[in-house]
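Structural characterization, general
Residues per chain are reported as follows:
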Amino acid sequence: MSEHAFQICINPKCRKTYGISEIHHACPACGELLDVGYDWDKLPVPKKLSDFEQYWPNRNIPQRFSGVWRFHHLLPFVPIEDCVTIGEGQTILQNAPFMAEYVGLKRGKLHLQYEGMNPSGSFKDNGMAGAFTHGKLVGASRAACASTGNTSASLALYAAVTRLMKAVIFIGSGKIAYGKLSQALDYGAKTIQIIGDFDDAMSRVQEVSKKLRIYLVNSVNPFRLEGQKTIMFRVLEQLRWNIPDWIVVPGGNLGNSSSFGKAFLELKQLGLLEKIPRLAVINAEGADTLYRLVEKEGLRWNGGEYDKTLIEKFYADMDTEGRRADTIASAIEINRPVNLSKCLRAIDACRGVVREVSEQEILDAKAQVGQGGLGCEPASAASLAGTKKLITEGVITPDERVVCVLTGHQLKDPNATVAYHRMDESLYDKYLRVRGVTETPFANEPITVPNQLEVILDALK
Ligand code: F0G
């Protein structure tokens, strides 16, 4: 355990600190979220970002190979040799000239950060490496999460590989793409399917983990968000330490956006970054709590004194009107994002904006990502769709350098993909038509032919 790391309440009026070996989901004094904090002046911090390159030859050491722990100096809450890794973070930043054209950027200006290349196929593994490292430190034997699918796949995988904790997952019934559910089942997680949605599962898992002293790995766990900071470090690493103008990321429970904001604030504080990139958080229209609160209601971080009454009223109205999140991007189908306050802080630090995109925009963007190469799941494509929208609005200009985070692998949700490509009209009706997707301009429809050579040859003319 590092004597120079602690947990600290993000509420500027509270700022109570707690030891690293304590387990909290929120500040016991005031109920706000906690950060992991560091006495940076007592820690060996690199003088410039390129100093990290000296560790590249040490890839035979698992922690130096890890795309999370090779930045250990920037998340040093335990010594590097105690950090848990299963090889996460071997991701690439792809320059995507064809998609740049689609969104309206100049060629060479659009980059896609492929987090689907992680061991469980999503960005969650960055955070799970952090959470498992802390779980090991506190000696936890079971770990739990509520999930729209990817957190549960990641938890189940880390539990299966490391055997440090047993996995318990809470999911909403019928709310999770089969690619993700199949991972959790295959990796042996105890799976509790609650008749309800993600928000129901989230509030139950918090109760249950407190009662049964099960270690919680949702993004209210500040050690998880430490791991997710490294997504931004890898983006900078692959841009040879140049700073992009924009980071665009889908917003669900708002863990990623929160951790990116913290990463940039810390880099700035440490003198390792001249400017902070701007942040765009993209909601689906069917799950747009952040968009409405920030862009319609004017909710701001306000030095930590954000308007809680406004949020409470928003949620109360949501319940009275029976509004529940619904989107093909099931990963971000969330009503009450648990990291809302930290995300407000990130938006403030990064001069952020929030946008919402339609189901049609998400799926068209997803088809474009697929045509460009590695593909992604629907929620991830919200970042590309959001970029396109922001360029149309003139908020992002065509010669700015934009990084879209593609959060999850293409194979996570095959139903959405084959429905779009009109493989099966009943799937199209079930998943897309009901959600108002009327066109599939980028569909790559399969051609069905009788089993006759002449007809097949004809089809290939
Ligand atoms: N993209 C994907 C593929 C996700 O799985 C998630 C979240 C998000 C984006 C949103 O990220 O919560 O940091 O804003 N999935 C969570 C889960 C909720 O349970 O797997 P966020």
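As shown above, the structure is provided for reference.
Residues numbered from 1 in each chain as written. Predicted model: local features only at pLDDT ≥ 70, side-chain atom pairs only at ≥ 80, totals over all residues. Heavy atoms only, no water.

What to know about the sheet that holds strand 1 (residues 5–9)
- Strands sit in the order 2-1-3 across an open sheet of three strands; the sheet is antiparallel. On the outer flanks of this sheet lie strand 2 (17–18) and strand 3 (34–38), each paired with one strand and no other.
- The pairing of strand 1 with strand 2 spans two bridges and is classified as antiparallel. Across the sheet, Ile8 pairs through a bridge with Thr17, a residue of strand 2. (Pairing = 2+ DSSP bridges. Helix = DSSP H or I, 4+ residues; strand = E, 2+ residues; numbered from the N terminus.)

Here's the deal with the sheet that holds strand 11 (residues 278–284)
- Strand order in the open sheet formed by six strands is 4-5-13-10-11-12, and the pairing between neighbours is mixed. In this open sheet, the two strands that pair with only one neighbour each are strand 4 (92–95) and strand 12 (353–357). Each strand of the sheet is rotated relative to its neighbour by a mean of 25°, with strand direction disregarded.
- In the sheet, strand 4 pairs with strand 5 (residues 110–114) via four bridges, with the strands oriented antiparallel. Directly across from Gln94, in strand 5, lies its bridge partner Leu112.
- The strands that helix 8 (residues 255–269) touches are strand 10 (246–250), strand 11 and strand 13 (402–406); relative to strand 10, the one it contacts most, it runs at about 155°.
- Relative to strand 12, helix 12 (residues 359–372) is tilted by about 95°, and along the sheet it contacts strand 4, strand 5, strand 11, strand 12 and strand 13. (Axes fitted to C-alpha atoms, helices over the stretch in contact; angles between N-to-C directions. Contact = heavy atoms within 4.5 Å.)

A few points about the site of the ligand
- The environment of the ligand is made up of 21 residues, and the closest members are Ser147, Asn150, Gly252, Asn253 and Thr407.
- A distance of 2.8 Å separates an oxygen atom of the ligand from a polar backbone atom of Thr151.
- Thr407 is positioned such that a nitrogen or oxygen atom in its side chain is 2.7 Å from a nitrogen atom of the ligand.
- Its free accessible area being 470 Å², the ligand has 99% of it covered by the protein chains.
- Of all elements in the fold, only helix 4 (150–162) and helix 8 reach the threshold of two or more residues within the shell around the ligand. (Near = heavy atom within 4 Å. Polar contact = N/O pair within 3.5 Å; in protein donor to acceptor, adjacent residues only side chain to side chain. Areas by Shrake-Rupley, 256 points an atom, 1.4 Å probe, with all protein chains shown as cover.)

With respect to helix 10 (residues 308–320)
- Given a rise of 1.5 Å per residue, 13 residues ought to cover 18 Å, and the 18 Å separating the end C-alpha atoms of helix 10 matches this to within 8%.
- Along its buried surface, helix 10 packs onto helix 9 (289–296) and helix 11 (340–349).
- One side-chain oxygen at the N-terminal end of helix 10 lies 3.2 Å from the backbone nitrogen of Thr309; it belongs to Asp307.
- Two residues or fewer after helix 10 comes Gly322, characterised by a positive phi angle close to 65°. (Expected span 1.5 Å × (residues − 1).)

Concerning the packing of helix 12 against helix 13 (residues 378–392)
- Look at helix 12 against helix 13: their axes get within 7 Å of each other, and the N-to-C directions meet at 100°. Considered as vectors, helix 12 and helix 13 are oriented roughly perpendicular to each other. When helix 12 is examined against helix 13, the residues Glu361, Ile362, Ala365, Lys366, Gln368 and Val369 are found in contact with a partner set consisting of Pro378, Ala381, Ala382, Leu384, Ala385 and Lys389.
- Partitioned by chemical class, the residues of the contact of helix 12 with helix 13 number eight nonpolar, one polar and three charged. (Parallel < 35°, antiparallel > 145°, perpendicular 65-115°, else oblique. Nonpolar A, V, L, I, M, F, W, Y, C, P; charged D, E, K, R; others polar.)

Comments concerning helix 4
- With 13 residues, helix 4 extends 18 Å from end C-alpha to end C-alpha; this agrees with the ideal 18 Å at 1.5 Å per step.
- Those residues of helix 4 that sit buried are Asn150, Thr151, Ser152, Ala153, Ser154, Leu155, Ala156, Leu157, Tyr158 and Ala159.
- On its buried face, helix 4 sits against helix 3 (124–138), strand 6 (142–147), strand 7 (166–172), helix 5 (178–186) and helix 7 (222–238). (Buried < 20%, exposed > 50% of the residue type's maximum accessible area, 1.4 Å probe, protein only.)

Brief notes about unusual backbone geometry
- For Arg15, which is not glycine, the phi dihedral falls at a positive 50°.
- Looking at where Arg15 falls in the secondary structure, it is placed in the loop between strand 1 and strand 2.

What about the packing of helix 4 against helix 5?
- Viewed as axis vectors pointing N to C, helix 4 and helix 5 meet at an angle of 25°, and their least axial separation amounts to 8 Å. Taken together, the axes of helix 4 and helix 5 lie roughly parallel to each other. Every pair of crossing elements has a handedness; the one defined by helix 4 and helix 5 is left-handed. Residue-level inspection shows Asn150, Ser152, Ala153 and Ala156 of helix 4 in contact with helix 5, the latter providing Lys180, Gln183 and Ala184.
- Split by residue class, the contact of helix 4 with helix 5 holds three nonpolar, three polar and one charged. (Left-handed = near helix turned anticlockwise from the far one by under 90°.)

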